[in-house]
Each structure stands twice: as C-alpha cells, then as structure tokens.
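Letter by letter, the chains look like this.
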Amino acid sequence: MGAGGCLAVPWRCLVVLCLRLLFLVPAGVPVRSGDAAFPKAMDNVTVRQGESATLRCSVDNRVTRVAWLNRSSILYAGNDKWCLDPRVVLLSNTKTEYSIQIQDVDVYDEGPYTCSVQTDNHPKTSRVHLIVQVSPKIVEISSDISINEGGNISLTCIATGRPDPTITWRHISPKAAVGFVSEDEYLEITGITREQSGEYECSASNDVAAPVIRRVKVTVNYPPYISDAKSIGVPVGQKGILQCEASAVPAAEFQWYKDDKRLVEGQKGVKVESKAFFSRLTFFNVSEQDYGNYTCVASNKLGNTNVSIILYEISEPKSSTLFQEETTTALTPWKGPGAVHDGNNGTSRRAGCIGLLPLLLLHLLLKF
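Residues numbered from 1 in each chain as written. Predicted model: local features only at pLDDT ≥ 70, side-chain atom pairs only at ≥ 80, totals over all residues. Heavy atoms only, no water.

Novice: How would you summarise the packing of aromatic side chains if you had to cite specific residues and measurements?
Specialist: When we look at a pair of aromatic rings, we describe it by the centre distance and by the angle of the planes. Counted by the stated rule, this structure contains 1 aromatic pair. Plain terms: the ring middles of Phe-283 and Tyr-294 are 5.4 Å apart, the flat faces sit at 65 degrees to each other, and that makes the pair edge-to-face. Linking Phe-283 in strand β23 (residues 278–283) with Tyr-294 in strand β24 (residues 292–300), this pair joins segments that are 11 residues apart in sequence. Residue Phe-283 shares its accessibility class with Tyr-294, and that shared class is buried. Over the aromatic face of Tyr-222 sits the side chain of Arg-194, whose NZ or CZ is 3.9 Å from the ring centroid. (Phe/Tyr/Trp six-rings, centres within 6.5 Å; stacked < 30°, edge-to-face > 60°. Helix = DSSP H or I, 4+ residues; strand = E, 2+ residues; numbered from the N terminus. Buried < 20%, exposed > 50% of the residue type's maximum accessible area, 1.4 Å probe, protein only. Lys NZ or Arg CZ within 6 Å of the ring centre and 35° of its normal.)

Here it is in structure tokens:
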C-alpha cells in the first residue's frame, strides 16, 4: 500500500465530503508546462529507496483551496491530513508554495502525484511523477562447484533493482590476472580446462549504489602429472635425497618403489616425506645396496602416473690425493707461453761438477 492510504470517513459525513471534493478536486484541466498563467508543480522527482521525497507545488494569491493526491486518494487538503500513512507530512502551506514530504520511500510509493488547486475562476491540476530507485541486490547465485576436466558447467546470477542492474561475470584465476568473461545472468562453459579453475565473480550494478559482488568457486579436477624428478649421484656414506613433484586435483598421493618393493616410512636408514605437491625420499647414510632405480608413483581418484629416478654412485675426492696434486703443481716450473726452456740450469751444472771430481783424483793416483 502506497502513500495514498486514506482515513476512513463515517457514512453520515459522506455527503459533506462529496460536496467538499466537488469544489476541491473537480475534473480540472491539466496545466501545460508553458502555461504562465498558472504556477505548476515541480518536475519528476527521483529518489532512492529509503530516502525522503519532497513534492512541491507553486501557488499564488489567486488560490483558494489546494490539495495533494496520490492517484485518487487525498493525502493532504490544505492543512488537513487525509491519509493514515505516518510517513507523509506537510512541509509548507504558504502563499507561494504548498509542499509535502514522503519519508522512507519504498517502491510502492512510485507513481503519479497530483497538485490540485481551486481559484476564483476554475480548478486546475498539475502532476508530478515519483520515481523510486532501488540498489542492486543479488537474490540467487550458483553454489561452489567441483567438476572433472572436460566437463560443462552453467553458473547463474540473478539480481533485482531499479533500474534493472547489469550483470557481469569475471574469472579470477589463481595464475593470471582478472579477466572479463561475459555480461549475462548465465555463464556457460563447455569443455572446461584446469586453467579455467578459480573464482568467478558476479557483479550487479545500476549506478544507484556501489555494485554488489558475489563469488562462485569452480574446482577443476584432473589426474596427476609429474613436473619434476631428477636422478642424482651420491658417494657411499653420504646423505642422498630423491624428490618427485606432481600437480593434481585432488592432491596426489605418493608411493616409492625399488625393484617392485614399496618403501615405507620407518624403514631403517630411509625417510619418506610427502606433501601436497611433492614427495621426498631421504637416505641418511648411502650404502652400496641403496644404489639403483627407484619409481615414484603419484595417484588420485582420476588416475596415476610414475617416473623412474636413479640413485647412482660417484667417487668422493680424497684429501691426500688433492694434497699431492697441489704439491706437484706448486713444484713444477711454469712452462706456459713465453717461458724459456733451459735444460742445463744452474742446479744441473753443480751436480755435474761434483760427479767429475772423484774421476780426476783417481786418474792422478794411477799416473804416479
């Protein structure tokens, strides 16, 4: 019920009321916008839901009676209130203006309002239209959804408001920037891929208030695929780590095998550690028996995959060998480009002289 709800009048007063209405609001001629002979009501009034609407009507000293009506219901006649609605109040009743206010406006208040005046000559009316704007409101939206890769989905976002709100869908991807999708209440995706997973944002806007935003989470399930796994070489007695990384939704479960034998947590000298997207096999003290081929298996409800990783032996450099090589290098003369290669150096000559001395002494003794 709008602002036109009127006070009930006893039947004994109906005759008096009808007579008053005949003089107050007869079927007068509507005032034209360019009619300067008679002041008119204000232009259309636009307000937001919950605000107050003021309806003004300009008058002059020729006016003897004045009233505001909503359709066929009298709101105010002069200073007398004829409606029961407490939201309707009289603001001004002067020689130049007759105005009322409708507080806490709602959508059912929208419509035509008439200012009716009685002059010495004849009655005239002027009409104003009240327009009520309503902020957008999302009344229905799809729930979060989980679907296997390659499937089809349909998302729904229904909103109300005045004027009718514009619906915009956007994809908020965890791996990419926010992107435009469509302007429609319904969003259809066929053959969905894992890259299309993430949140989808529905925005409803009509310039009356800030846009209303709701989100739907779309989870795309797919089987595991191993993205990283490398063979490594470790010396005997050292620590060795094999790691296997896999992407999957739901998250993959990992298993390790060596020669068809599954490796489990708690096995002597070996630790198996698995997280959401990787698994690690740690050897704290690698022995000869640990070398070989290992298989990492990643699986979820949609499938499984595996990869072979080799733990192989490498020689550990010995410190004595390194010392010997460093010493030899330090004692060896440099024979790079530009070096003078002299085979008869001073040390060799001195050694040669010392070796000839005994021979000369022997020769002298035999001569005498």
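Novice: Lay out the sheet that holds strand β25 (residues 303–313) in plain terms, naming residues and giving numbers.
Specialist: With mixed pairing, the 5 strands of this open sheet are ordered in space as β18-β25-β24-β20-β21. Lying at the two open borders of the sheet, with one neighbouring strand each, are β18 (232–234) and β21 (261–263). Direction aside, the axes of adjacent strands within the sheet are offset by 35 degrees on average. In terms of strand pairing, strand β20 (residues 253–258) meets β24 through 6 bridges, oriented antiparallel. Residue pairing for β24: Lys-258 is matched across the bridge by Tyr-294. (Pairing = 2+ DSSP bridges. Axes fitted to C-alpha atoms, helices over the stretch in contact; angles between N-to-C directions.)

Novice: Residues and numbers for the environment of Val-132, please.
Specialist: Mapped onto the secondary structure, Val-132 falls in strand β10 (residues 123–141). In sequence terms Val-132 and Glu-110 are 22 residues apart; their C-alpha atoms lie 5.7 Å from each other. If sequence neighbours within four positions are ignored, Val-132 has contacts with Val-47, Gln-49, Val-105, Asp-106, Val-107, Glu-110 and Arg-162. (Contact = heavy atoms within 4.5 Å.)

Novice: Provide a residue-level description of the sheet that holds strand β8 (residues 97–102), including the pertinent values.
Specialist: Strand order across the open sheet formed by 3 strands is β3-β8-β7, with antiparallel pairing between neighbours. Of all strands in the sheet, those with a lone pairing partner are β3 (53–58) and β7 (88–93), marking the two edges. Direction aside, the axes of adjacent strands within the sheet are offset by 15 degrees on average. Sheet topology places β7 next to β8; 5 bridges connect them, and they run antiparallel. Residue pairing across strands places Val-88 opposite Ile-102, the latter belonging to β8.

Novice: Could you give an account of the state of the cysteines, naming the residues involved and the relevant values?
Specialist: In the structure shown here, the tally under the stated rule is 3 disulfides. The disulfide partner of Cys-157 is Cys-202, and the gap between their sulfur atoms is 1.8 Å. Negative torsions about the S-S bond denote left-handed disulfides, and the value of about -75 degrees found for Cys-157 with Cys-202 makes this one left-handed. A residue pair is termed long-range when its members are at least 10 positions apart, and Cys-157 in strand β12 (residues 153–162) and Cys-202 in strand β16 (residues 198–205) qualify at 45 residues. Residue Cys-157 is classed as buried on the basis of its relative accessible area of 0%. Across a sulfur-sulfur distance of 2.2 Å, Cys-244 and Cys-296 are joined as a disulfide pair. Measuring the twist about the S-S bond at about -85 degrees, one finds the Cys-244-Cys-296 disulfide to be left-handed. In this pair, Cys-244 is assigned in strand β19 (residues 240–249) and Cys-296 in strand β24, connecting sequence segments 52 residues apart. (Disulfide = S-S within 2.5 Å.)

Novice: Provide a residue-level description of the nonpolar core, including the pertinent values.
Specialist: By size, the foremost hydrophobic cluster in this structure holds 23 residues, and its most contacted members are Leu-55, Trp-68, Tyr-113 and Leu-130. At the level of elements, β2 (45–48), β3, β4 (63–70), β5 (73–77), β8, β9 (111–119) and β10 are the ones that each hand at least two residues to this core. Membership of the second largest hydrophobic core comes to 20 residues, among which are Trp-256, Leu-263, Tyr-294 and Cys-296. (Core = buried A, V, L, I, M, F, W, Y, C linked by side-chain atoms within 4.5 Å.)

Novice: Mind laying out the side chain of Ser-197, listing which residues take part and the relevant values?
Specialist: With respect to the helices and strands, Ser-197 occurs in the loop between β15 (186–189) and β16. There is a polar contact of 2.8 Å between the side chain of Ser-197 and the backbone oxygen of Arg-194. (Polar contact = N/O pair within 3.5 Å; in protein donor to acceptor, adjacent residues only side chain to side chain.)

Novice: I'd like a description of the pattern of salt bridges, backed by residues and values.
Specialist: When the charged atoms of two side chains lie near each other, side chains of opposite charge can form a pair. Inspection of the entire model under this criterion finds 10 salt bridges. Of the charged contacts, one joins Arg-194 and Glu-149 as a salt bridge, the two residues approaching to 2.9 Å between their closest N and O atoms. Taken together, the residues span a long stretch of sequence, with Arg-194 in the loop between β15 and β16 and Glu-149 in the loop between β11 (145–148) and β12 at a distance of 45 residues. A salt bridge links Glu-201 to Arg-215, with the shortest nitrogen-to-oxygen separation between them at 3.3 Å. Taken together, the residues Glu-201 in strand β16 and Arg-215 in strand β17 (residues 212–229) connect sequence positions 14 residues apart. Connected through shared salt-bridge partners, Arg-170, Glu-199, Glu-201 and Arg-215 make up one network. (Salt bridge = Lys/Arg side-chain N within 4 Å of Asp/Glu carboxyl O.)

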